[in-house]
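What follows is each chain in one-letter form.
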Amino acid sequence: MGSLIDLHCHILPGIDDGAQDILCTKKMLEMSVKKGISNFVFTPHFYPERIDVYDFIQKRNLAVDQMKDIAKDLGIQFRIGAEVQFTPILDSLPLKELAFSGTNYLLLELLTLYEPPDVEGLIRRICNAGYIPILAHIERFPYIEQNPQLLYQWVKAGALVQVNAGWILNDSKARKRLNQYYHWNLVHVMASDTHSVIKRPQNLADAYQILPVEMAADFQANAKAIFEGKSINWKLPVKPRRFLGRWK
């Protein structure tokens, strides 16, 4: 399979609900490297309603400084980003500071309990500002499960879509839905979203092992392009249709 790239993980120490200290960070990175992950984008949670963006950046920089030597010793490469919670004023924030460092990709987390207002409009504004939003772990949101045409609208507007590796492990229904999303060209990358070595461990390689060969190759190629700040091999999305109570 070769070296893998994890575009969404919570490994930086003491900044969110991921690694609580530098020892946890070290264990998480060692586990990841053993499983074939060589490149990372560290994406701590950023909640615009809770913390000023520059205070967040300062905390993130301190966390990065703590783990640099470990990363060097393990021979990994990394970029810095954030998992940015949806806010309708996101495009007014300094997106360059929140995007994956050295690229124009931005990881965006939607709201869990209800569909946020004007997601499509926000996506278009972010794209017009020169950035490409990646919608994080879209399998978590019931409104997308109930109406995948939303995802079609958002991808058509310029967003990319990420799913978590843990979603499809030991869940045949999830794998079936992922196949649908892939058939509709509505999913582009997979990541671990790892938070610890126990409760939410590094499982990206495990999930890749059960993906269809073509899908795995596409996900890996897209992850590589995103990590390098290049364009992915974007495919025209197909609008899901409802037939006899099922999405086709």
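Here is a short report on the structure shown in this document. (Residues numbered from 1 in each chain as written. Predicted model: local features only at pLDDT ≥ 70, side-chain atom pairs only at ≥ 80, totals over all residues. Heavy atoms only, no water.)

Here's the deal with the pattern of salt bridges
Under the counting rule described, the total for this entry stands at 12 salt bridges. For Arg140, the salt bridge is made with Asp193, and the minimal N-O distance between the two is 3.0 Å. In this pair, Arg140 sits in the loop between strand 7 (132–135) and helix 5 (142–146) while Asp193 sits in the loop between strand 9 (189–191) and helix 9 (204–210), placing the two residues 53 residues apart along the sequence. A residue is classified by how much of its surface remains accessible, and Arg140, at 34% relative accessible area, is partly exposed. Between Asp218 and Lys235 there is a salt bridge whose closest N-O contact spans 3.0 Å. Of this pair, Asp218 sits in helix 10 (residues 213–227) while Lys235 sits in the loop between helix 10 and strand 10 (242–243), and the two are 17 residues apart along the sequence. One connected set of salt bridges, linked through shared partners, spans Asp91, Asp118 and Arg125. (Salt bridge = Lys/Arg side-chain N within 4 Å of Asp/Glu carboxyl O. Helix = DSSP H or I, 4+ residues; strand = E, 2+ residues; numbered from the N terminus. Buried < 20%, exposed > 50% of the residue type's maximum accessible area, 1.4 Å probe, protein only.)

Here we look at the sheet that holds strand 1 (residues 4–9)
The parallel open sheet is built from three strands, whose spatial order is 1-2-4. Because the sheet does not close on itself, it has two edges, and the strands there are strand 1 and strand 4 (77–80). Ignoring strand direction, the axes of neighbouring strands in this sheet form an average angle of 20 degrees. In this sheet, strand 4 lies alongside strand 2 (residues 37–42) in parallel orientation, the contact comprising four bridges. Directly across from Phe40, in strand 4, lies its bridge partner Phe78. Set on the sheet, helix 2 (residues 53–74) makes contact with strand 2 and strand 4; between it and strand 4 the angle comes to about 180 degrees. Sitting on the sheet, helix 10 is in contact with strand 1, strand 2 and strand 4, with an inclination near 70 degrees to strand 1. (Pairing = 2+ DSSP bridges. Axes fitted to C-alpha atoms, helices over the stretch in contact; angles between N-to-C directions. Contact = heavy atoms within 4.5 Å.)

A closer look at the layout of surface pockets
Space inside the largest pocket adds up to approximately 290 Å³. In terms of lining, the largest pocket is formed by Glu145, Trp167, Lys173, Ala174, Lys176, Arg177, Gln180, Arg242, Gly245, Arg246, Trp247 and Lys248. Contributing elements (two or more residues each) for the lining of the largest pocket: helix 8 (172–183) and strand 11 (246–247). Residues of the lining of the largest pocket, tallied by class, amount to three nonpolar, two polar and seven charged. (1 Å grid on protein atoms, 1.4 Å probe; cavity = no way out; pocket = protein on both sides within 12 Å on 5 of 7 lines; lining within 4 Å. Points joined across faces, edges and corners; volume = space filled by probe spheres on them. Nonpolar A, V, L, I, M, F, W, Y, C, P; charged D, E, K, R; others polar.)

Comments concerning the packing of helix 8 against helix 10
It is at 12 Å that the axes of helix 8 and helix 10 come closest, and there the two elements cross at 65 degrees. In terms of crossing hand, the pair formed by helix 8 and helix 10 is left-handed. Residue-level contacts link Leu178, Asn179 and Tyr182 of helix 8 to Glu214, Met215, Asp218 and Phe219 of helix 10. (Left-handed = near helix turned anticlockwise from the far one by under 90°.)

Comments concerning the environment of Asn185
Within the secondary structure, Asn185 is located in the loop between helix 8 and strand 9. What Asn185 contacts, discounting residues up to four positions off in sequence, is Val155, Lys235, Leu236, Pro237 and Val238. From its side chain, Asn185 meets the backbone oxygen of Leu236 in a polar contact 2.9 Å long. (Polar contact = N/O pair within 3.5 Å; in protein donor to acceptor, adjacent residues only side chain to side chain.)

Section: the environment of Val33
As for its placement among the helices and strands, Val33 is situated in helix 1 (residues 22–34). Along the primary structure Val33 and Arg124 are separated by 91 residues, whereas in three dimensions their C-alpha atoms are 37 Å apart. Dropping the residues within four chain positions of it, Val33 is found in contact with Leu74 and Ile76.

Details of the state of the cysteines
Enumeration according to the criterion identifies zero disulfides in this entry. Cys24 forms no disulfide, and the closest cysteine sulfur to it belongs to Cys9, at a distance of 14 Å. (Disulfide = S-S within 2.5 Å.)

Some thoughts on the side chain of Thr43
Within the secondary structure, Thr43 sits in the loop between strand 2 and strand 3 (45–46). Thr43 sits in the buried class, given a relative accessible area of 0%. A distance of 3.0 Å separates the side chain of Thr43 from the backbone nitrogen of Cys9, its partner in a polar contact.

Let's talk about the nonpolar core
Here is a general trend for soluble globular proteins: nonpolar side chains tend to be buried in one another's company. The biggest cluster of nonpolar side chains holds 72 residues, and the ones touching the most others in it are Phe42, Leu110, Trp154 and Met190. Here the element with the most residues in this core is helix 2; it accounts for eight residues. Once you skip the residues sitting within four places of it in the chain, Phe42 turns out to touch Cys9, Ile11, Leu12, Leu29, Met67, Ile76, Phe78, Arg79, Ile80, Gly81 and Ala82. Among the nonpolar cores identified, the runner-up in size contains 15 residues, and Ala136, Leu160, Val189 and Ile226 belong to it. (Core = buried A, V, L, I, M, F, W, Y, C linked by side-chain atoms within 4.5 Å.)

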